[in-house]
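# Chain and residue survey
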Amino acid sequence: MASELDLSRDRLDAPFARRVEELSGENPYACYQCGKCSAGCPFADYMDALPNQVLRLVQLGDESALDLSAPWVCASCLACGVRCPKGVDIAKTMEALRLLALRKGISPAPATPDRPCPQIALVGAYRKLTP
Ligand code: SF4
Ligand code: SF4
């Protein structure tokens, strides 16, 4: 059985959430979980948590967000940010999570037959190699 969620103010104003906000410049608490980001994400089917669920973990200060493959599958296409009624740029949040994961020594999500390399690696390569 799933453990109960601790929704106390102490937990909701978690240091982890503040760290992600500091790195991304995006306020995770602006998200009200409407799900529009996830509905429009072209890579949602390949993620182990939907973009709005990633945001929820961050809001709860749950560092298990760093173990997800979702930030590595995200291609920074920005479709979520365009759809978000609260103007949350999730691509920046995903980037912050990748940074924090790397700093903690957590490796990018392993390759799978469906996803031969982290999506973001392709995006990074295109950005570097195209004039
Ligand atoms: S930026 Fe990432 S999370 Fe947002 S829609 Fe694109 S792939 Fe999905
Ligand atoms: S679209 Fe914006 S407000 Fe809605 S769930 Fe996604 S991040 Fe939250």
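Before any of the text, the structure's been laid out above.
Worth saying up front: this structure is predicted, and the values here are computed from it rather than measured.

Check the secondary structure of the chain and you find eight helices and zero strands. Going from the N terminus to the C terminus, the chain shows its helices and strands as α-α-α-α-α-α-α-α. The 131 residues of the chain split such that 42% are buried. In the chain, once contacts between residues fewer than 6 apart in sequence are set aside, the share between residues at least 24 apart is 67%. In the form shown here, the chain has an accessible surface area of approximately 7700 Å², with 55% of it arising from carbon and sulfur atoms.

So, on to the site of ligand 1. Around ligand 1, 13 residues are found, and the nearest of them are C41, C74, C77, L78 and C80. Among the residues forming the shell around ligand 1, the class breakdown is 12 nonpolar, one polar and no charged.

Taken as a whole, this structure holds two cavities of 30 Å³ or more when the rule is applied. As a volume, the largest cavity reaches approximately 100 Å³. Together, 15 residues line the largest cavity, and C41, M47, C74, C77 and C80 are the ones closest to its centre. Elements with a contribution of two residues or more to the lining of the largest cavity: α6 (79–83) and α7 (90–103). No other element matches α7, which puts three residues into the lining of the largest cavity. The calculated volume of the second largest cavity comes to roughly 80 Å³. A breakdown of the residues in the lining of the second largest cavity according to their chemical character gives nine nonpolar, three polar and one charged.

Turning next to the site of ligand 2. Looking at ligand 2, there are 13 residues lining it, with C31, C34, G35, C37 and C84 nearest. Taken atom by atom, the bulk of ligand 2 overlaps the second largest cavity. Its residues assigned to classes, the shell around ligand 2 shows eight nonpolar, three polar and two charged.

With that settled, consider the environment of R19. Position of R19 among the secondary structure elements: in helix α2 (residues 15–24). Take R19: its relative accessible area is 31%, and that puts it in the partly exposed class. Residues R19 and G61, spaced 42 residues apart in sequence, show a C-alpha to C-alpha distance of 9.6 Å. The contacts of R19, once residues within four sequence positions are left out, are L100 and R103. Polar side-chain contacts of R19 include one of 2.5 Å to the side chain of E22.

Next up on the list: the nonpolar core. Ranked by internal contacts, the top residues of the largest apolar core, which has 30 residues, are F16 and L97. Elements that contribute at least two residues to this core include exactly α2, α4 (51–59), α5 (70–73) and α7. Here this core gets six residues from one element, more than from any other, and that element is α7. Those residues in contact with L97 that sit more than four places away from it in its chain are F16, V20, V54, V58, A65, L66 and P71.

Let us look at the packing of α2 against α7. Packing of α2 against α7 brings their axes to within 8 Å, and their N-to-C directions diverge by 115 degrees. One finds that α2 runs roughly perpendicular with respect to α7. Helix-helix and strand crossings are classified by hand; for α2 and α7 the assignment is right-handed. Across the interface between the two elements, F16, R19, V20, L23 and S24 from α2 touch K92, T93, A96, L97, L100 and R103 from α7. Counted by class, the contact of α2 with α7 contains six nonpolar, two polar and three charged residues.

The rules behind these values
Residues numbered from 1 in each chain as written. Chains lettered and ligands numbered in written order. Predicted model: local features only at pLDDT ≥ 70, side-chain atom pairs only at ≥ 80, totals over all residues. Heavy atoms only, no water. Helix = DSSP H or I, 4+ residues; strand = E, 2+ residues; numbered from the N terminus. Buried < 20%, exposed > 50% of the residue type's maximum accessible area, 1.4 Å probe, protein only. Contact = heavy atoms within 4.5 Å. Areas by Shrake-Rupley, 256 points an atom, 1.4 Å probe, with all protein chains shown as cover. Near = heavy atom within 4 Å. Nonpolar A, V, L, I, M, F, W, Y, C, P; charged D, E, K, R; others polar. 1 Å grid on protein atoms, 1.4 Å probe; cavity = no way out; pocket = protein on both sides within 12 Å on 5 of 7 lines; lining within 4 Å. Points joined across faces, edges and corners; volume = space filled by probe spheres on them. Sits in = over half its atoms within 2 Å of the grid points. Polar contact = N/O pair within 3.5 Å; in protein donor to acceptor, adjacent residues only side chain to side chain. Core = buried A, V, L, I, M, F, W, Y, C linked by side-chain atoms within 4.5 Å. Axes fitted to C-alpha atoms, helices over the stretch in contact; angles between N-to-C directions. Parallel < 35°, antiparallel > 145°, perpendicular 65-115°, else oblique. Left-handed = near helix turned anticlockwise from the far one by under 90°.

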